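# Remarks on the overall topology
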Amino acid sequence: MLTLTDDQRMLQDAVRPFMADKGAIKAQLRHWRDIGCKDGFGHGLWKQFAELGLTGILIPEARGGAGLGQVEAGVVLEEIGRNLTPSPFLTTAVAAVRALDGSAHAERWFPGILAADTVAALAIDEGRHHNPARIACAARRQGNGFLLDGEKQFVVHGASADLILVAARTGGSPGETDGLTLFALDRGMAGVEIDNVALADSSKAARLRLANVAVDADAVVGEVDGGWGPISRALGAGRAGAAAELVGVAAGASEMTFDYLKQRKQFGRLIGEFQALQHRAAHLFGEIEIARAATFKAAQLLDAQDQRAELFVSVAKAKAGRSAALAVQEGVQMHGGIGMTDEHDIGLYMKREAVLGELFGSPRFHMARVAELSGY
Amino acid sequence: MADVEQFRREVRDWLEANCPAEMRTPMRSEKDACWGGRHFEFQSDAQKRWLDAMASRGWTVPDWPKDYGGGGLDAAQTRVLKEEMASLGCRPPLTSFGISMLGPALLKYGREDQKKRFLPEIARGDIRWCQGYSEPGAGSDLADLQTRAEDKGDHYLVNGQKVWTSYADQADWIFCLVRTSAESKHGGISFLLFDMESPGVSTKPILLISGYSPFCETFFDDVKVPKDQLVGEVNKGWDVAKYLLGHEREMISGMGLGGDKQALGRAVGSIDDPLLRAEIAAFDVDALAFAAMSERFIDQLKAGGAHPAMPSMMKYAGTELNKRRHELVMAAGGSDALEWDSDRSGGGKAARDWLRTKANSIEGGTSEIQLGIVAKHILRLPGA
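Every value quoted in this text rests on a predicted model; they were computed, and no experiment measured them.

Check the secondary structure of chain A and you find 11 helices and 10 strands. The C-alpha radius of gyration computed for chain A amounts to 21 Å, which stays within 12% of the reference 21 Å derived for 376 residues, consistent with globular compactness. On the principal axes, the C-alpha backbone points of chain A span a range of 80 × 50 × 40 Å. Buried positions account for 60% of the 376 residues belonging to chain A. Where the 39 positive side-chain charges of chain A centre and where its 45 negative ones centre are 5 Å apart.

Right, dumping it as structure tokens:
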């Protein structure tokens, strides 16, 4: 069934007012932006995520978490997107937890994530476009451990992170998924240079330079040369999660826009009376509903460990990205001049969409992936 | 749950035993569909046996009550039946406007004697129905209809003309909107059922740009219709009509899924042109996302949580997608796809199918009408 169960609806009923109140744009995004916060998010709110049990949403019950799945994470992320709530939820509680789950690192890091004391970051992208198979960052064996050399970018929360998961190459060559290894790096490792960069949406993503970073063998998450397992688990969860957040961004922007169409008068009429806008609004509504369904389907297939999950995750990320792009473009355009001002919130949706659209792969990346996975 | 699994095994065994091998091959075109009715010529003995077998269990309409020729299955069982039919590749035993449109309206608005009389016939495929909605001059403003039904005591006397009546030339009966009062546009419409063999009914096919002729003009000249064939109350037919339109849109939106679930890029074979490949990949994303939406829409309908105007969104999205699919099939086919009458092209199948899809966003209410309905009833935009 592609509808929420009673339990999932209860979760939604709890998260929706919480995010609309505590995670609201004015209280969080604008506040941290305007004071120039180095993290781009508030640790106090992240603690409240923990109190609600959200930080452990994907952590197994045996390890103190809620033991829920990607569908539930999606319910939370849609509300995060709707309110543009800045938090490390997607990278830490969703992607990193999936990467660590089942490895020896789970025991070490899960308690901190549960308590919201730990922020995790993923260092996968190296170029201006997402392409994890092309990883070039090298990990050479030295003694009992490894030496890491390379550069990473778009490491979301990288400068605030207590744990950075670095994907590096122990074998194979760029373009191959064999020969990758995932390393767990503690904060402040010698040789890691972190450039904290503010993005268009006021979130923070670091550029990393790794120069002869020495790590022990036990920094490896899972198997040496077998990093694609945890990396692809993190990517599946991250992509599906970003799709859900994008659906929330689209929903938030479009709701704001539809309200505006009912209030704003021009030429002596409410602008919502104009058919030119009505038809575009109705089309937009449909695109968002379709994106939500695709995202739901992808999450459900991931939870079921269905072999079609990878295909549907790419469908969801591409569709949600395109629908959200349409929602923010129509949102700013239909708001007219006021939509161009910093004072109005609609432009903040446009900035967030741009970042989330690129994160974990743009719609183009995922369309190409759909072609590849479909065999053409 | 154990009951459902038990049911699944029984269904599978029964389908294995009763669905002829020929009826487990994919349909090549619309022409392979079984429509039933008085004059239907079965393409094979297997086609008839398959219809009879399914009808005998009420499985042509599995979720209708048994009293009316249905299977009396609940939502979970209906889903199991569909899944098992899909997994064995069983063709639909019966394609019928009676099932997809009239039946649901009769179940909701029909009198008991009407349900007992008409629904089992629909379930067995005894009578082929057509729809008398559109009129020349009315077009998208459906309620602007002029066909009159005068009260003559024991019967109505019907005069007027319908247009775009799908398969009227092959239909046995018609469900028809008529004007019983001129005082109110929407409040003077009634919903009548009558036999196409009644004196005064005539039809004429309309040839389309595809070279096919699924639609007809239909003329009524002093047609007598017994009064017990009125569905619902006199002058309140618009409610029935709207309800039925929802089901029609739902049915048409299914076309967005294409004939099969295969990715278009895979179906058209190797694509050398990188721009075309990109367009097709973009299409496949939209098509797979729409397939998920269709699944969700059906789940919402069953759970009673679908907005009544959602079929309009689905109809719009599905038909626009289907047009795009066929544009891309033509682009991928190049000059091969342009052949109109060669054996090599299956008699111009690609080109004819492409042209036929252009009607999708017009028939059953244009895309613009659907967008207007979404704007008004879901988004509640002013003056829509």
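Still more ground to cover, so stick around.
The secondary structure content of chain B amounts to 11 helices and 8 strands. Against the compact-globule benchmark of 21 Å for 384 residues, chain B has a radius of gyration of 22 Å, which places it among compact chains. Its C-alpha atoms give chain B principal-axis dimensions of about 70 × 50 × 45 Å. Accessible surface, chain B as shown: approximately 17,400 Å² in total, 51% of it carbon and sulfur. Of the charged side chains in chain B, 48 are positive and 56 negative; the average position of the first set lies 3 Å away from that of the second.

For the rest of this paragraph, the subject is the domain arrangement of chain A. Residue and element names in this part refer to chain A. Domain annotation for chain A reports domain 1 (6–119), domain 2 (122–226) and domain 3 (229–373). Domain 1 and domain 2 are separated by 23 Å when their C-alpha centres are compared. Taken together, the 21 residues of domain 1 in the interface contact 20 residues of domain 2. Summed over both sides, the interface of domain 1 with domain 2 buries roughly 1,500 Å², with 60% coming from carbon and sulfur. It is H105, W109 and V119 that lose the most area in domain 1 upon contact with domain 2, and together they represent 31% of the buried surface on that side. The interface formed by domain 1 and domain 2 contains 1 salt bridge. Across the salt bridge formed by D186 and R108, the nearest N and O atoms sit 2.6 Å from each other. Counting across the domain 1 and domain 2 interface gives 9 residue pairs in polar contact (both at pLDDT 80 or more). The set of elements that each furnish at least two residues to the side of domain 1 that touches domain 2 consists of α2 (26–34), α5 (89–100) and α6 (105–114). The element that contributes the greatest number of residues to the side of domain 1 that touches domain 2 is α5, accounting for 5 residues. A breakdown of the residues in the side of domain 1 that touches domain 2 according to their chemical character gives 10 nonpolar, 6 polar and 5 charged.

Cross-referencing UniProt, the feature "domain: Acyl-CoA dehydrogenase/oxidase N-terminal" (unreviewed entry) maps to residues 4–126 of chain B in the present numbering. In the segment residues 4–126 of chain B, helix accounts for 54% and strand for 0%; the C-alpha atoms at its two ends are 31 Å apart.

With that settled, consider the interface of chain B and chain A. Contact with chain B, which involves 37 residues of that partner, is made by 35 residues of chain A. The junction of chain B with chain A conceals about 3,200 Å² of combined surface from both sides, 72% of it contributed by carbon and sulfur atoms. Linking chain B with chain A are 3 salt bridges. We note a salt bridge from A:R322 to B:D286, for which the minimum N-O separation is 3.8 Å. Summed over the shared surface of chain B and chain A, the number is 10 residue pairs in polar contact (both at pLDDT 80 or more). Those elements that provide at least two residues to the side of chain B that touches chain A are α7 (264–267), α8 (274–302), α9 (310–338) and α11 (367–378) of chain B. Residue classes in the side of chain B that touches chain A are distributed as 23 nonpolar, 4 polar and 10 charged.

Bringing the domain arrangement of chain B into the picture now. Residue and element names in this part refer to chain B. Domain assignment breaks chain B into domain 1 (2–108), domain 2 (128–235) and domain 3 (239–377). Each of domain 2 and domain 3 has a C-alpha centre, and the two are 28 Å apart. Residue-level contacts link 15 residues of domain 2 with 13 residues of domain 3. Between domain 2 and domain 3, a total of about 1,100 Å² is buried, with carbon and sulfur atoms accounting for 71% of that surface. Of all residues in domain 2, the largest losses of buried area upon contact with domain 3 belong to I209, S210 and Y212, amounting jointly to 35% of the total for that side. Along the contact surface separating domain 2 from domain 3 lie 0 salt bridges. Where domain 2 packs against domain 3, one counts 3 residue pairs in polar contact (both at pLDDT 80 or more). Looking at the side of domain 2 that touches domain 3 residue by residue, the class counts come to 11 nonpolar, 4 polar and no charged.

Our next topic: the UniProt feature "domain: Acyl-CoA oxidase/dehydrogenase middle" (unreviewed entry) in chain A. Annotation from UniProt places "domain: Acyl-CoA oxidase/dehydrogenase middle" (unreviewed entry) at residues 136–197 of chain A. The distance separating the terminal C-alpha atoms of residues 136–197 of chain A is 22 Å; by composition the span is 0% helix and 60% strand.

Time to look at the environment of B:D52. All names here are of chain B. Of note, D52 is situated in helix α2 (residues 45–56). Judged by relative accessible area, which is 38%, D52 ranks as partly exposed. In the structure, D52 is positioned 196 residues away from E248 in sequence and 25 Å away in space, judged by C-alpha atoms.

Judged by nonpolar contacts, the single largest core of 159 residues is most densely connected at A:F49, A:V76, A:F89, A:L148, A:L165, A:F183 and B:M313. Considering every element that reaches this core, the biggest residue donor is helix α7 (residues 228–263) of chain A, with 16 residues. With residues near it in sequence (within four places) discarded, A:L165 still touches A:A96, A:A99, A:L100, A:A121, A:L122, A:A123, A:L182, A:F183, A:A184 and A:V221. In this structure, B:V61, B:L119, B:I122 and B:L244 belong to the second largest nonpolar core, which totals 38 residues.

A word on the pattern of salt bridges. Evaluation of the coordinates by the stated rule reveals 56 salt bridges over all chains. A salt bridge links B:R49 to B:D45, with the nearest nitrogen and oxygen atoms 3.1 Å apart. Of this pair, B:R49 and B:D45 are both found in helix α2, 4 residues apart, which corresponds to roughly one turn of the helix. When salt bridges with common partners are traced through the structure, they connect A:R16, A:E78, A:E79, A:R82, A:E255, A:E289 and A:R292 into a single cluster.

Now for the environment of B:K358. Residue and element names in this part refer to chain B. Along the chain, K358 falls in the loop between α10 (349–357) and α11. Remark: the alpha-carbon pair of K358 and M293, spanning 65 residues in sequence, is separated by 22 Å. Among the polar contacts listed, one links the side chain of K358 to the side chain of E327, at a separation of 2.5 Å.

What follows covers the packing of aromatic side chains. All names here are of chain B. Counted according to the given criterion, the structure contains 19 aromatic pairs over all chains. With centroids separated by 5.5 Å and ring planes inclined at 80 degrees, the aromatic side chains of W35 and F97 adopt a geometry described as edge-to-face. In this pair, W35 is assigned in the loop between α1 (2–18) and α2 and F97 in helix α4 (residues 97–109), connecting sequence segments 62 residues apart. In this structure, W35 and F97 share a single accessibility class: buried. With a centroid separation of 5.1 Å and 90 degrees between ring planes, the pair formed by F40 and F42 is classed as edge-to-face.

Parameters at a glance
Residues numbered from 1 in each chain as written. Chains lettered and ligands numbered in written order. Predicted model: local features only at pLDDT ≥ 70, side-chain atom pairs only at ≥ 80, totals over all residues. Heavy atoms only, no water. Helix = DSSP H or I, 4+ residues; strand = E, 2+ residues; numbered from the N terminus. Rg over C-alpha atoms; globule rule 2.2 N^0.38 Å. Buried < 20%, exposed > 50% of the residue type's maximum accessible area, 1.4 Å probe, protein only. Lys, Arg positive; Asp, Glu negative; His and termini not counted. Charge placed at Lys NZ, Arg CZ, Asp CG, Glu CD. Areas by Shrake-Rupley, 256 points an atom, 1.4 Å probe, with all protein chains shown as cover. Domains from an automatic or database assignment. Contact = heavy atoms within 4.5 Å. Buried area = accessible area lost by both parts, 1.4 Å probe. Salt bridge = Lys/Arg side-chain N within 4 Å of Asp/Glu carboxyl O. Polar contact = N/O pair within 3.5 Å; in protein donor to acceptor, adjacent residues only side chain to side chain. Nonpolar A, V, L, I, M, F, W, Y, C, P; charged D, E, K, R; others polar. UniProt positions renumbered as here; feature names shortened; annotations may be inferred. Core = buried A, V, L, I, M, F, W, Y, C linked by side-chain atoms within 4.5 Å. Phe/Tyr/Trp six-rings, centres within 6.5 Å; stacked < 30°, edge-to-face > 60°.

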